[in-house]
Amino acid sequence: MRETSLPSSERLEAILLVGGQGTRLRPLTLTTPKPLLPTAGVPFLAHQLAKARAHGVSRVVFATSYRASMFTDAFGDGSAFGLEIEYMTEDTPLGTGGAIRNAADALTCSSDAPVLVLNGDILSGHDISAQVDLHLSRGAAVTLHLTEVEDPSRFGCVPTAPDGRVTAFLEKTPNPVTNRINAGCYVFQRSVIDSIPAGEVVSVERETFPGLIEAGELVLGYADASYWLDVGTPAAFVQGSCDLVQGRLRSPALPGVTGESLLLDGAKVSPEAKVTGGTVVGARATVKAGASVRGSVLADDAVIESGAVVVDSVVGAGARVSSGAVLREVVVGDGALIGPGNELTSGVRVWPGVTLPECSVRFSSDV
Ligand code: GTP
């Protein structure tokens, strides 16, 4: 991967937004923040950090809030990842803009330097160096990565002029004017970050960007059509993990080769089981004979008994799916037990530690 055209005397710093509660991914995020969820064998953030490093980022400030200490435990001073990592924690969440402003106190760059800002829940194949170079060559205040989605009505949309200038930041609407949306990766001029009010709750999407546009500042769009996924929902999280395992998105952090499945240390899969579609089988997890697992994430120590079927689902650490149970698009929390014969579908979430007893349907003759 090539690096940016920044002079070698200037190192590129990044702020990583990782303080959200990840409510849409509960119960997985009750104990583990979304950016630390194991994704294709490593914490989700490891993919973003490896990519940022490959594009010349040398120092990263984590903007933490929810379960902040877990990030320090996972990434320490960053040396194991070839980076310098600092942590800035909000006692109460300050929103995306407030978090960026708070984290900026730990930056070392000058006020006219570019700073990369990343949402901590995005998988993207876009060229960060090209985004930074566009920002530098046009002297923009902020340059936003924009991606095109089929149904932009679920997102706010971001129209641009022919020269790339962002003309508005529009809220969700049933009739969006463009299918380009904010892809959650920004290059800010440091001085722009410093102008966000300190210690206040601020949203970059609702306040900072619209304010800059209104003030006539140059807010640029860097649009491309590379791989992009916001892993904020269970379905998207499973999709992202499978895409990494199957090589639809290449990550420098992926342990092992890509293919139909990724088996982590000590995973046991019976030769008479089927494990396909980019499934991850966690460390020491077991898939027994006759079971079928497709496009799913099995966390460490999970057990899938003989004849069970698991499709497009997450099975939490130490959870057990009994013989004959069928799961489709389901999240099973850590340590839960799905008894034999249960059939769960379409968005069902089983909370950690819950036991679903055996499901045996009996027909009475006098009904
Ligand atoms: P949901 O609760 O499921 O919407 O997820 P979320 O809390 O992660 O919110 P969202 O997806 O909107 O956040 C986008 C990114 O900003 C994520 O990487 C969050 O971790 C981060 N984020 C959101 N709010 C805050 C905040 O107040 N402080 C910090 N430090 N980060 C935040």
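Residues numbered from 1 in each chain as written. Predicted model: local features only at pLDDT ≥ 70, side-chain atom pairs only at ≥ 80, totals over all residues. Heavy atoms only, no water.

Concerning the overall build of the chain
Part 1: The number of helices and strands found in the chain is eight helices and 28 strands.
Part 2: Rg of the C-alpha trace for the chain: 22 Å, near the compact-globule value of 21 Å for 367 residues, within the 12% margin.
Part 3: Principal-axis analysis of the C-alpha atoms gives the chain an extent of 75 × 45 × 35 Å.
Part 4: Classification of the 367 residues of the chain by burial places 53% in the buried group.
Part 5: Sequence-distant contacts in the chain: of pairs separated by 6 or more residues, those separated by 24 or more amount to 53%.
Part 6: Counting every atom, the chain has about 15800 Å² of accessible surface; 50% of that belongs to carbon and sulfur.
Part 7: Each charge class in the chain can be summarised by its mean position, and for the 28 positive and 40 negative side chains these summaries are 5 Å apart. (Helix = DSSP H or I, 4+ residues; strand = E, 2+ residues; numbered from the N terminus. Rg over C-alpha atoms; globule rule 2.2 N^0.38 Å. Buried < 20%, exposed > 50% of the residue type's maximum accessible area, 1.4 Å probe, protein only. Contact = heavy atoms within 4.5 Å. Areas by Shrake-Rupley, 256 points an atom, 1.4 Å probe, with all protein chains shown as cover. Lys, Arg positive; Asp, Glu negative; His and termini not counted. Charge placed at Lys NZ, Arg CZ, Asp CG, Glu CD.)

Side note on the nonpolar core
Part 1: With 30 residues, the main nonpolar core has Ile15, Val142, Leu144, Phe188 and Phe209 as its most contacted residues.
Part 2: Mapped by element, the contributors of at least two residues to this core are strand 1 (12-17), strand 4 (57-64), helix 4 (95-104), strand 6 (114-119), strand 8 (142-148), strand 9 (180-189), helix 6 (190-194) and helix 7 (204-214).
Part 3: Aside from chain neighbours lying at most four places away, what touches Ile15 is Val61, Ala63, Ile100, Ala103, Ala104, Leu107, Val115, Leu116, Val117, Leu118 and Ile193.
Part 4: Judged by nonpolar contacts, the second largest core, of 24 residues, contains Ala285, Val287, Ala308 and Val350. (Core = buried A, V, L, I, M, F, W, Y, C linked by side-chain atoms within 4.5 Å.)

Comments concerning the domain arrangement of the chain
A common way to report how large an interface is uses the accessible area buried once the components associate.
Part 1: Each assigned domain of the chain is listed with its residue range as follows: domain 1 (12-234) and domain 2 (260-363).
Part 2: With centres defined by C-alpha atoms, the gap from domain 1 to domain 2 works out at 34 Å.
Part 3: Listed as interface residues are eleven residues of domain 1 and, on the opposing side, eleven residues of domain 2.
Part 4: When domain 1 packs against domain 2, the two sides together hide about 790 Å² of surface, and 74% of this comes from carbon and sulfur.
Part 5: Sorting the residues of domain 1 by area buried against domain 2 places Pro27, Leu28 and Pro234 first, and these three jointly supply 51% of that buried surface. (Domains from an automatic or database assignment. Buried area = accessible area lost by both parts, 1.4 Å probe.)

Here's the deal with helix 8 (residues 234-245)
Part 1: Here helix 8 is twelve residues long and its end C-alpha atoms lie 17 Å apart, about the 16 Å a rise of 1.5 Å per residue gives.
Part 2: Among the twelve residues of helix 8, ten are classified as buried, and the element is accordingly described as predominantly covered.
Part 3: All of the buried residues along helix 8 are Pro234, Ala236, Phe237, Val238, Gly240, Ser241, Cys242, Asp243, Leu244 and Val245. (Expected span 1.5 Å × (residues − 1).)

Let's talk about the pattern of salt bridges
Part 1: Here the structure, examined in full by the defined rule, presents 13 salt bridges.
Part 2: The partner of Arg59 in a salt bridge is Glu86, with the nearest N and O atoms 3.8 Å apart. Here Glu86 lies in strand 5 (residues 84-89) and Arg59 lies in strand 4, a separation of 27 residues in the sequence.
Part 3: Between Arg190 and Asp194 there is a salt bridge, and its shortest N-O distance comes to 3.2 Å. You can see Arg190 and its partner Asp194 sitting in helix 6, four residues apart, about one turn around the helix. (Salt bridge = Lys/Arg side-chain N within 4 Å of Asp/Glu carboxyl O.)

Observations concerning the sheet that holds strand 12 (residues 261-263)
Part 1: Within the open sheet, the six strands sit side by side as 12-15-18-21-24-27. Their pairing is parallel. The open sheet has two edge strands, strand 12 and strand 27 (349-350), and neither has a second partner.
Part 2: Bridge analysis of strand 24 (residues 331-332) against strand 27 gives two bridges, and the strand direction is parallel. Looking across to strand 27, one finds that Val332 is bridged to Val350. (Pairing = 2+ DSSP bridges.)

Structural notes on the pairing of strand 1
Part 1: Counted residue by residue, strand 1 has six buried out of six residues, so it is predominantly covered.
Part 2: Neither face of strand 1 is exposed, since Leu12, Ala14 and Leu16 on one face and Glu13, Ile15 and Leu17 on the opposite face are all buried.
Part 3: Inspection of the sheet shows strand 1 paired to strand 4 by six bridges, in the parallel sense. Note on strand 4: the bridge partner recorded for Leu17 is Ala63.
Part 4: Looking at chain direction, strand 1 and strand 6 are connected through five bridges and run parallel. When the bridges of strand 6 are listed, Glu13 appears paired with Val115.

Brief notes about the packing of aromatic side chains
Part 1: Under the defined criterion, the tally for this structure stands at nine aromatic pairs.
Part 2: Both rings, one in Tyr186 and one in Phe188, keep their centres 6.1 Å apart while their planes meet at 90 degrees; by these two values the pair is edge-to-face. Phe188 matches Tyr186 in its accessibility class, with the two residues each being buried.
Part 3: Ring pairing ties together the aromatic residues Phe62, Phe71, Phe75, Phe81 and Tyr87, which thus form one cluster. (Phe/Tyr/Trp six-rings, centres within 6.5 Å; stacked < 30°, edge-to-face > 60°.)

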